[in-house]
Amino acid sequence: MKILNEMKLEFLSRSANEALARSAASQFAAQLDPTLEELGDIKTSVSEAVTNAVVHAYPDSLGIIRLQARVLEGGILEITVRDKGVGIEDIDQARTPLYTTGGEERSGMGFTIMESFMDRLRVRSAAGRGTTVVMRKRVMPRLLR
């Protein structure tokens, strides 16, 4: 698919930067003229992906999180959240609803939420090398709504 526009952002794995990622992704997505519901889905999915990286990728240190957003042909928004943290040993288990390695205060619903709010979710990870989450959502042109 042809890339029509793209942006990249790097930030430290501090929880305060989750709001920055949400804001940057939603502002970038605005060029597709999404509905408030679509925008909310995008912001929530980015929040979940970034929070996963903050909590799980770098549990005992700070690291870099990379956010990339692209507009592809056909009104498709592609968002990638990448870290070089500890990685996920078992992706299938991590994608199971209610499974978490983040302690009792975590719901274990991050991947489930991303999967339900976006049209496509891919997760790649290698132990000790990091995780990449790629999400896609097609934003319908207003004339077709």
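Residues numbered from 1 in each chain as written. Predicted model: local features only at pLDDT ≥ 70, side-chain atom pairs only at ≥ 80, totals over all residues. Heavy atoms only, no water.

Moving on, we get to the sheet that holds strand 3 (residues 76-83). Strands sit in the order 1-2-3-5-4 across an open sheet of five strands; the sheet is antiparallel. Whereas interior strands pair on both sides, the edge strands pair on one side only; in this sheet they are strand 1 (3-12) and strand 4 (120-126). Direction aside, neighbouring strands of the sheet carry axes that sit 10° apart on average. Bridge analysis of strand 3 against strand 5 (residues 130-138) gives seven bridges, and the strand direction is antiparallel. (Pairing = 2+ DSSP bridges. Helix = DSSP H or I, 4+ residues; strand = E, 2+ residues; numbered from the N terminus. Axes fitted to C-alpha atoms, helices over the stretch in contact; angles between N-to-C directions.)

Let us now look at the pairing of strand 2 (residues 64-72). In terms of strand pairing, strand 1 meets strand 2 through nine bridges, oriented antiparallel. By the bridge assignment, Asn 5 is partnered in strand 2 with Val 71. Note that strand 2 and strand 3 share eight bridges and pair antiparallel. Opposite Val 71, over in strand 3, you have Leu 77 as the bridge partner. Hairpin connection between strand 2 and strand 3: a loop of three residues separates the two successive antiparallel strands, and Gly 74 in this loop has a positive phi of roughly 80°.

Counting 31 residues, the largest nonpolar core has Val 50, Ile 65, Leu 67, Ile 79, Val 133 and Met 135 as its most contacted members. For this core, the secondary-structure elements that each account for two or more residues are strand 1, helix 1 (17-29), helix 2 (36-57), strand 2, strand 3, helix 4 (110-117), strand 4 and strand 5. The greatest single-element share of this core, amounting to seven residues, is contributed by helix 2. Not counting residues within four places of it along the chain, the set of residues in contact with Ile 65 comprises Leu 9, Glu 10, Phe 11, Ser 13, Val 50, Ala 53, Val 54, Tyr 58, Val 81 and Arg 82. (Core = buried A, V, L, I, M, F, W, Y, C linked by side-chain atoms within 4.5 Å. Buried < 20%, exposed > 50% of the residue type's maximum accessible area, 1.4 Å probe, protein only. Contact = heavy atoms within 4.5 Å.)

All we've got here are geometric facts, nothing functional implied.
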